[in-house]
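Per-entry structural report
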Amino acid sequence: MSAPLAPIVVGYDGSPPSLDALRWATTVAARELAPLKIVEAFELVVYSRPSPGQVVPLEALRTAREKGLSALAEGIRLQQPGLVVETVLAGGPAAEAVLAEAEQARLIVLGSRGLGGWSGLLVGSVAVQVTTHAQCPVVVIPPDLRPHAHEGPTVVVGVDGSKASARAIEFAFDQAEAMHAHVVALHAWTSPFLTYANGASMLQFDAHKVEDESRLLVAESVAGAVADHPDVAWTTELVSGSAARALVRRSESADLVVVGSRGRGGFTGLLLGSVSQSVLHHTQCPIAIVR
């Protein structure tokens, strides 16, 4: 008898972005036959002095939130018969509530931002905290998500030869197989070095050689995933310049962008690399960050 699948956890607070995340997570859960767990945070702000006027009992407020979650779950069950839907009303900050569930989750799905915070920010503090600290993959849904006009679903994955990139590739091919999507393995390269001749600085490198080496790096990086997913079509895309810019630009026509939590460069003490942070804040499609 096989072990039950770990749940797909979605953060919910009633905001439009969290509803987008809930719809996306429900589709994935139904497709993968995995349980769906809806997590809402119940954080009480306590003041030193009681405010005048009518006071709503804490338990009554909690009961109302629990009823709201139960009704939401029942609506999903009616639309997706057979889908296991659980709800959690957790006390404390939203990021802590989601991260507590992340330990047993196969995937976390969040909206770009919730009800709190500064409206001018593209990605809220909860999404940043969870993508930084969660040990399982995290998908963040951008605001105003609309279907792209293209021939078929596409999953774009950033490839740089790092261990985090290898895990991102595995996740990308898993999702592509479930979505019947095409994988684009994107690798960005920059001018590798400067040499000096007769005291003058000049750029000298063989662009064709760098491109060949980059293509080989991609082929070697995806070889295992390709062998495990023989029915998934994939292509290599090589870009000269910034990896973050290339991924953001590619997100305009993709259904999912997948990146490792951090790549080869940067400071090892950082939990989230500069490329993943940049794409997280500017992507035009759902982004998965894989640790």
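**Observations concerning the overall build of the protein**
Scanning the protein from N- to C-terminus turns up eight helices and twelve strands. Put simply, the protein has 291 residues, and 41% of those count as buried.

**Considering the sheet that holds strand β6 (residues 154-158)**
Strand order in the open sheet made by the ten strands is β3-β2-β1-β4-β5-β12-β11-β6-β7-β10, with mixed pairing throughout. Two strands bound the open sheet, and with one partner strand each, they are β3 (85-91) and β10 (234-240). Each strand axis lies, on average, 25 degrees off the axis of its neighbour in the sheet, ignoring direction. Strand contacts of helix α7 (residues 243-251): β6, β7 (182-189), β10 and β11 (256-260), with the helix running at about 150 degrees to β7, the strand carrying the most contacts.

**Structural notes on the nonpolar core**
Ile 8, Leu 36, Ile 38, Val 109, Val 157 and Val 258 are the most contacted members of the largest nonpolar core, which has 45 residues in total. Ranked by the residues each element gives to this core, the list is headed by helix α5 (residues 163-179), at seven residues. Look past the residues within four positions of Ile 38 in its chain and what remains in contact with it is Val 10, Tyr 12, Leu 22, Leu 69, Leu 72, Ile 76, Val 85, Glu 86, Thr 87 and Val 88. One finds Ala 105, Leu 247, Ile 287 and Ile 289 within the second-largest nonpolar core, a separate group that totals 34 residues.

**Considerations on the environment of Ala 90**
Relative to the helices and strands, Ala 90 resides in strand β3. Overall, Ala 90 belongs to the buried group, its relative accessible area being 16%. In the structure, Ala 90 is positioned 48 residues away from Phe 42 in sequence and 5.6 Å away in space, judged by C-alpha atoms. In this structure Ala 90 touches Glu 40, Ala 41, Phe 42 and Ala 97, once residues within four positions along its chain are discounted.

**Description of a negative patch on the surface**
A cluster of like negative charges, contributed by Glu 170, Asp 174, Glu 177, Asp 228 and Asp 231, occupies part of the molecular surface. Ranked by the residues each element gives to the negative patch, the list is headed by α5, at three residues. Along the polypeptide, Glu 177 turns up in helix α5. For Glu 177, a relative accessible area of 37% gives the class partly exposed.

**As for the pattern of salt bridges**
Enumeration according to the criterion identifies seven salt bridges in this entry. Measuring nitrogen to oxygen at the nearest pair gives 3.0 Å for the salt bridge that ties Glu 32 to Arg 106. Residue Glu 32 is located in helix α1 (residues 16-32), and its partner Arg 106 is located in the loop between α3 (94-102) and β4 (107-111); the two are separated by 74 residues in the primary sequence. Between Arg 215 and Glu 211 there is a salt bridge, with its nearest N and O atoms 3.4 Å apart. Of this pair, Arg 215 and Glu 211 both sit in helix α6 (residues 207-228), four residues apart, which is roughly one turn of the helix.

**Observations regarding the confidence of the model for the protein**
Within the protein, residue pLDDT values average 83, and 78% of them lie at 70 or more. Under a pLDDT of 50 for its full length, residues 117-122 has, in the predicted model, seven contacts with residues more than four places off or in other chains. Within the model, the stretch residues 265-272 combines pLDDT values under 50 with 13 contacts to residues more than four positions away or in other chains.

**Comments concerning unusual backbone geometry**
Glycine aside, the phi torsion of most residues is negative, and most peptide linkages are trans. Look at Leu 33: it is not a glycine, yet its phi comes out positive at around 55 degrees. Relative to the helices and strands, Leu 33 is located in the loop between α1 and β2 (36-42). Residue class for Leu 33 comes out exposed when judged on its relative accessible area of 70%. Despite not being glycine, His 180 has its phi angle at roughly 55 degrees, a positive value. With respect to the helices and strands, the residue His 180 is situated in the loop between α5 and β7.

**Digging into the side chain of Glu 40**
Structurally, Glu 40 can be placed in strand β2. Of the residues examined, Glu 40 reaches a relative accessible area of 9% and is grouped as buried. Reaching out from Glu 40, the side chain makes a polar contact with the side chain of Arg 65 at a distance of 2.9 Å. Apart from the residues lying within four places of it in its own chain, the contact partners of Glu 40 are Tyr 12, Arg 65, Leu 69, Val 88, Leu 89 and Ala 90.

**Quick notes on the side chain of Thr 26**
Within the secondary structure, Thr 26 is located in helix α1. Residue Thr 26 is classed as buried on the basis of its relative accessible area of 10%. When residues no more than four places from it in sequence are discounted, the contact partners of Thr 26 are Leu 36, Ile 76, Gln 80 and Leu 83.

The rules behind the values
- Residues numbered from 1 in each chain as written.
- Predicted model: local features only at pLDDT ≥ 70, side-chain atom pairs only at ≥ 80, totals over all residues.
- Heavy atoms only, no water.
- Helix = DSSP H or I, 4+ residues; strand = E, 2+ residues; numbered from the N terminus.
- Buried < 20%, exposed > 50% of the residue type's maximum accessible area, 1.4 Å probe, protein only.
- Pairing = 2+ DSSP bridges.
- Axes fitted to C-alpha atoms, helices over the stretch in contact; angles between N-to-C directions.
- Contact = heavy atoms within 4.5 Å.
- Core = buried A, V, L, I, M, F, W, Y, C linked by side-chain atoms within 4.5 Å.
- Patch = residues over 30% accessible without salt bridge, like charges linked within 9 Å, V, L, I, M, F, W, Y side chains within 5 Å.
- Areas by Shrake-Rupley, 256 points an atom, 1.4 Å probe, with all protein chains shown as cover.
- Salt bridge = Lys/Arg side-chain N within 4 Å of Asp/Glu carboxyl O.
- Lys, Arg positive; Asp, Glu negative; His and termini not counted.
- Charge placed at Lys NZ, Arg CZ, Asp CG, Glu CD.
- pLDDT = per-residue confidence, 0-100.
- Polar contact = N/O pair within 3.5 Å; in protein donor to acceptor, adjacent residues only side chain to side chain.

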